[in-house]
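# Summary of the model geometry
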Amino acid sequence: MSAFALVMLAPLFGMIALAIRIKDPGPVFFAHRRIGQEGKWFGCLKFRSMVIDAEFRLADVLDNDPDAAAEWHDSQKLRKDPRVTALGRFLRRSSLDELPQLLNVLRGEMSIVGPRPIVADEIARYGENFAAYCSVRPGITGAAQISGRTDLAYKDRVRIDTDYIARKSLLVDLLIVMKTVPHVMTGKGAV
């Protein structure tokens, strides 16, 4: 399925890549180090939506803005993220930044459906449920994404992911894929 999608979406990939290069110099893709199945690390691919010095800007914001630091601590995200470019905001709102993860699926690092891949700082948030997280491949979409995405409290995301893992099946995955489309179209819960 991912190979077919990559072929069909090749013109869109090209347009997005060109737009990124025109709007902001730097690489088109960003490979974020994430934890996958069996706790193995992999580079989760995305179209780059942030400025080149993103980590420096994040540190500066977290050091100087207590509200932003609290929001980051709660969700690992910022609603008004100064690192995100104007084009990046559109790519994130439309979820187009996630399309390169089809390559991760093709390489066997991800699945179409599963819990979203996490970073090392998020392991503690999963607590005893981290083993369940590691038992499946992370997904491009998942139960938490159709249940509120970033509007969810992190503990709710963990609960929803854990429930999904316990009842995972082809039918559940197909339902999640079908419900993903309207969520992506409306941009609900996207940051």
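The sections below set out a description of the structure shown in this document. (Residues numbered from 1 in each chain as written. Predicted model: local features only at pLDDT ≥ 70, side-chain atom pairs only at ≥ 80, totals over all residues. Heavy atoms only, no water.)

## Here we look at unusual backbone geometry
For Glu38, which is not a glycine, the phi torsion comes out positive at approximately 60°. For Glu38, the location among the structural elements is in the loop between strand S1 (29–35) and strand S2 (41–47). Phi at Ser95 is positive, roughly 65°, even though this residue is not glycine. Along the chain, the position of Ser95 falls in the loop between helix H5 (86–93) and helix H6 (101–106). (Helix = DSSP H or I, 4+ residues; strand = E, 2+ residues; numbered from the N terminus.)

## With respect to the packing of aromatic side chains
This model, assessed by the stated rule, comprises five aromatic pairs. Summarising the aromatic geometry, the rings of Phe29 and Phe47 are spaced 5.3 Å apart at their centres and angled 20° between planes, so their arrangement reads as stacked. Of the two residues, Phe29 is situated in strand S1 and Phe47 in strand S2; the sequence distance between them amounts to 18 residues. Members of the aromatic cluster, joined through ring pairs, are Tyr126, Phe130, Tyr133 and Tyr154. Here the basic side chain of Arg33 rests over the ring of Trp41, its NZ or CZ set 4.1 Å away from the ring centre. The ring of Tyr154 has Arg125 lying over it, and the distance from NZ or CZ to the ring centre is 4.8 Å. (Phe/Tyr/Trp six-rings, centres within 6.5 Å; stacked < 30°, edge-to-face > 60°. Lys NZ or Arg CZ within 6 Å of the ring centre and 35° of its normal.)

## Side note on empty space enclosed by the protein
Gaps left between atoms are located by rolling a probe of water-molecule size over the structure's atoms. Tallied over the entire structure, the rule returns one cavity of 30 Å³ or more. In this structure, the largest cavity encloses a volume near 40 Å³. In terms of lining residues, the largest cavity is bounded by Ile20, Lys23, Asp24, Arg48, Met50, Thr85, Leu87, Gly88 and Leu91. Those elements that provide at least two residues to the lining of the largest cavity are helix H2 (10–23) and H5. The element that contributes the greatest number of residues to the lining of the largest cavity is H5, accounting for three residues. Each residue belonging to the lining of the largest cavity can be placed in one class, and the counts come to four nonpolar, two polar and three charged. (1 Å grid on protein atoms, 1.4 Å probe; cavity = no way out; pocket = protein on both sides within 12 Å on 5 of 7 lines; lining within 4 Å. Points joined across faces, edges and corners; volume = space filled by probe spheres on them. Nonpolar A, V, L, I, M, F, W, Y, C, P; charged D, E, K, R; others polar.)

## Notes on the pairing of S2
Of all seven residues that make up S2, five are buried, and the element is covered over most of its length. Where S1 meets S2, seven bridges bridge the pair, whose relative direction is antiparallel. Bridge pairing in S2 places Arg34 opposite Phe42. In this structure, the hairpin formed by S1 and S2 is closed by a connection of five residues, where Glu38 is found at a positive phi of approximately 60°. (Buried < 20%, exposed > 50% of the residue type's maximum accessible area, 1.4 Å probe, protein only. Pairing = 2+ DSSP bridges.)

## What about the side chain of Thr141?
When you line up the elements, Thr141 lands in strand S4 (residues 139–141). On the basis of relative accessibility, which here comes to 7%, the residue Thr141 falls in the buried class. Contacts of Thr141, omitting those with residues within four sequence positions, involve Ile112, Val113, Gly114, Ile176 and Thr180. (Contact = heavy atoms within 4.5 Å.)

## Thoughts on the pattern of salt bridges
With the rule as written, the count across this model stands at 12 salt bridges. Note that Glu98 is salt-bridged to Lys46, the shortest N-O span being 3.5 Å. Highlighted residues: Glu98 in the loop between H5 and H6 and Lys46 in strand S2, separated in sequence by 52 residues. As far as the burial class goes, Glu98 and Lys46 line up, both buried. The salt bridge partner of Asp156 is Lys155, with a shortest N-O separation of 3.7 Å. Judged by relative accessible area, Lys155 falls into the exposed class, the value being 62%. Three or more residues joined by partner-sharing salt bridges are found here, namely Lys46, Glu98 and Arg116. (Salt bridge = Lys/Arg side-chain N within 4 Å of Asp/Glu carboxyl O.)

Interpretation in functional terms is not warranted from these geometric data alone.
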